[in-house]
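Survey of secondary and tertiary structure
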Amino acid sequence: MRIVSVNVAQPILVQINGKDVLTGIDKKPVSERVWLGSLTLDGDDQADKKVHGGPDQAAYCYPFKHYAHWQQAFALGNLQNGAFGENFTVTEIDEESVHIGDVLQMGEAIVQVTKPRIPCFKLAHKIGDINIVKAFLQSGFSGFYLRVLTEGYVKADDPITIVKRDPQGISVRTALVLQKLDVSVLAESPIALLHKALAIESLTPELHESYTKRLAKFV
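Here we summarise the structure given alongside this text. What you see is a predicted model; the values in this text were computed from it and never measured.

**Here's the deal with the environment of E108**
Relative to the elements of secondary structure, E108 occurs in the loop between β8 (103–106) and β9 (109–116). Distance from E108 to W35, taken between C-alpha atoms, is 9.2 Å for residues 73 residues apart in sequence. Not counting chain neighbours up to four residues away, the residues in contact with E108 comprise R33, E151, G152 and Y153.

As structure tokens, then:
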């Protein structure tokens, strides 16, 4: 498992539906090592701090293997790393193999997996197709956010190592289904999985609220 590229961007104003919108989604790879702090990478920032950024979304990972799917599904041609707004394009790790609460070492930094990404209209603008928002969500190819436990330098080709796995953890893919998708696709009881998820010590307040509400619908 390794970092394919480290991608950063400062927010810029773009026109979306005739309105000026500030966005930091247009990430570009950098060749030098970059400091990963508690809230973001040096040289990177989030635009709308109400829904992006913060300690539970300090950085975002996206598996490189998903690129081929989107290039084919939306006739996108070759995409540059960072095309989905990720800070880390990664390989040999994905939404099925990594779990909520997992602690990873990436370069010098120690991070914790917090939650899947829910796409917004800015992704549609970046890709140039409004249909990608629904397709991105339904695909389960969400990528995952990180909380920074120990700051440090990271760079392309740094290894990724699972340092600790939360015994209560559920995969990022399962976390996304429990949050937003049809739970009938799950092999296990959604009620049992929701109880398991709510017991995760590192669960974000957002997911805790979402899972509590969904569990109440089964009662």
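**Quick look at the pattern of salt bridges**
Applying the stated rule across the entire model yields 11 salt bridges. For the salt bridge of K27 with D44, the shortest nitrogen-to-oxygen distance reads 2.6 Å. With K27 in the loop between β3 (19–23) and β4 (28–30) and D44 in the loop between β5 (34–36) and β6 (59–63), this pair connects stretches of sequence that are 17 residues apart. Across this residue pair, the class does not change: K27 and D44 are buried. With its nearest N and O atoms 3.8 Å apart, the salt bridge here joins E108 to R33. Separated by 75 residues along the polypeptide, E108 in the loop between β8 and β9 and R33 in the loop between β4 and β5 bring together distant segments of the chain. In this structure R33 comes out as partly exposed when scored by relative accessible area, which is 47%. Linked by salt bridges that have partners in common, D26, K28 and K126 make up one network.

**Examining the packing of aromatic side chains**
The full count for this structure, using the stated rule, is 13 aromatic pairs. Their ring planes at 45 degrees and their centres at 6.3 Å tell us that Y60 and Y62 sit as a pair that is tilted. On the accessibility criterion, Y60 (3% relative accessible area) is buried. Using a relative accessible area of 0% as the deciding quantity, one classes Y62 as buried. Ring centres 6.5 Å apart and planes at 50 degrees place the aromatic pair W70 and F84 in the tilted group. Of this pair, W70 sits in helix α1 (residues 67–73) while F84 sits in the loop between α1 and β7 (88–91), placing them 14 residues apart in sequence. When sorted by exposure, W70 lands in the same class as F84, which is buried.

How each quantity is defined
- Residues numbered from 1 in each chain as written.
- Predicted model: local features only at pLDDT ≥ 70, side-chain atom pairs only at ≥ 80, totals over all residues.
- Heavy atoms only, no water.
- Helix = DSSP H or I, 4+ residues; strand = E, 2+ residues; numbered from the N terminus.
- Contact = heavy atoms within 4.5 Å.
- Salt bridge = Lys/Arg side-chain N within 4 Å of Asp/Glu carboxyl O.
- Buried < 20%, exposed > 50% of the residue type's maximum accessible area, 1.4 Å probe, protein only.
- Phe/Tyr/Trp six-rings, centres within 6.5 Å; stacked < 30°, edge-to-face > 60°.

So yeah, pure geometry; function would need other evidence.
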